[in-house]
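Here is what each chain is made of, one letter per residue.
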Amino acid sequence: GQPRLSRLEFVAMMAMLVATVAFSLDSMLPALPRIGAELTPDAINRAQLVVTSFILGLGLGTLFTGPLSDSFGRKRVILIGAGVYILGAGLAWIAPSLELMIAARIVQGLGAAAARIVALAIVRDLYSGREMARLMSFVMMVFTLVPAVSPLAGSVVIDLFGWRAIFLTFILFALVCSLWLALRLDEPLALENRRPFRRAALMAAMREVLANPTVRLAIAVQTLCMTTLFCSISMIQQIFAVSFDRAPEFPFWFFIMALIAGAVSFLNASIVVRLGMLRMVSGALGLQIVLAGAMVLAFSLGLPPALQFPLYIAWQTSVFANAALTLGNINALGMEPLGHIAGMGASVIACFATVGSVLLTVPVGLMFNGTPMPLLLAVFCAVV
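Keep in mind that what you see is a predicted model, and the values were worked out from it rather than measured.

Engineer: Account for the overall build of the chain, with residues named and values stated.
Structural biologist: Helix and strand counts for the chain stand at 14 helices and zero strands. In sequence order, the secondary structure elements of the chain are arranged as α-α-α-α-α-α-α-α-α-α-α-α-α-α. Taking 384 residues into account, the globule formula puts the C-alpha radius of gyration at 21 Å, and the chain, at 20 Å, falls close to it. Evaluated residue by residue, the chain yields a buried proportion of 54% over its 384 residues. Working note: accessible area of the chain is about 16,400 Å², and carbon and sulfur atoms make up 72% of it.

Engineer: Kindly report on the environment of L68, identifying the contributing residues and their values.
Structural biologist: Tracing the sequence through the fold places L68 in helix α3 (residues 49-72). Owing to a relative accessible area of 25%, L68 belongs among the partly exposed residues under this scheme. Through-space distance from the C-alpha of L68 to that of L56 is 19 Å; in sequence the pair is 12 residues apart. Excluding residues that lie within four positions of it along the chain, L68 makes contacts with G73, V77 and F197.

Engineer: Hey, could you go over a nonpolar patch on the surface for me, with residue numbers and the actual values?
Structural biologist: Judged by side-chain polarity, L87, L91, W93, I94 and L168 come together as a nonpolar surface patch covering roughly 470 Å² of accessible area. Considering every element that reaches the nonpolar patch, the biggest residue donor is helix α4 (residues 74-94), with four residues. Structurally, W93 is set in helix α4. Residue classification places W93 among the partly exposed positions, given a relative accessible area of 37%.

Engineer: Please give an account of the side chain of S69 that cites residues and values.
Structural biologist: By the secondary structure assignment, S69 is in helix α3. Residue classification places S69 among the buried positions, given a relative accessible area of 1%. Leaving out residues up to four positions away in the same chain, S69 has contacts with R74, V77, V118 and L189.

Engineer: Pulling in residues and values, what's your account of the packing of aromatic side chains?
Structural biologist: Under the counting rule described, the total for this entry stands at 14 aromatic pairs. Ring geometry for F23 against F173: centres 4.9 Å apart, planes inclined by 35 degrees, an arrangement best described as tilted. Residue F23 is located in helix α1 (residues 7-26), and its partner F173 is located in helix α7 (residues 165-184); the two are separated by 150 residues in the primary sequence. Under the relative-accessibility criterion, F23 is labelled buried at 13%.

So, how was this worked out
Residues numbered from 1 in each chain as written. Predicted model: local features only at pLDDT ≥ 70, side-chain atom pairs only at ≥ 80, totals over all residues. Heavy atoms only, no water. Helix = DSSP H or I, 4+ residues; strand = E, 2+ residues; numbered from the N terminus. Rg over C-alpha atoms; globule rule 2.2 N^0.38 Å. Buried < 20%, exposed > 50% of the residue type's maximum accessible area, 1.4 Å probe, protein only. Areas by Shrake-Rupley, 256 points an atom, 1.4 Å probe, with all protein chains shown as cover. Contact = heavy atoms within 4.5 Å. Patch = residues over 30% accessible without salt bridge, like charges linked within 9 Å, V, L, I, M, F, W, Y side chains within 5 Å. Salt bridge = Lys/Arg side-chain N within 4 Å of Asp/Glu carboxyl O. Phe/Tyr/Trp six-rings, centres within 6.5 Å; stacked < 30°, edge-to-face > 60°.

Okay, here's the thing in structure tokens:
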């Protein structure tokens, strides 16, 4: 049956769940210099692993949370995931070394996968067709606002209570979401619609997903597009602080870039119906090849210092916008032949693309040399 909560409350709840991931990543960014100074003073670059390890856990969790929620119900899996997430945040809060912090962040990512994947399944359970697409665009709208304000919120918490307090805000956020979901949402997946959780079914679905050439291509392209995004996110704080000496301004610039990227994803929603997903993705990637190539040239030939920061900001915004134009569309292209195993297909595609992009991002992030050059080269190579 229909949920007893209003459509507005439903959209807000789903958006909060989906936003868990962005909040857990972006509000950490202002803390990276302090984490580096405290936990890994000899190799400050390694502080970025606090970001990428979370994404790795998220990618691994993505593979199982969809199928688990098909078997045991949506609410139960989200609430157990929230428990795992809170455990990871608690362990990170007290972690005495970077290695333990990274392990705790992987656990936190595993838990966050439930909120991200299962929330989308709930929208599909209760709505279909255009109504579902409309609701998803509202969910995504809220979803773009969360990354925009996360570094601002994070830097306020860090200034007031120290960097470890960030992990307490994660625990609070997860508790609020879980209570709200537990009290207000009826279980959307009826018992008779549940599927047994069988390893054989998972393996068969994985084989089918990976046997499809369209899907394989979608996974490869999505991995590279995610790499441009995750490289940017893991290095952006250092580029602001080290390359341009503008660390205090970072949350404000990030806010503006995220808002522009959010506006672009709205634009995508209105254009994609006319142009089709394939043309949107090729166009966006073609444009980014030109922009990233121009930036690599400009920075290697030596730009006047006055131009470096504004050009970097403009280009970094284009990378975030590029993700807004490509990721959803590639996902839709990959899902098209998988209607009959949609949940499983979504899980497999997201898992491979996320884990693959982390494996590419970590070495790039550790190459940071005080200039934006490693990032420029990485994005250029990824889109080419």
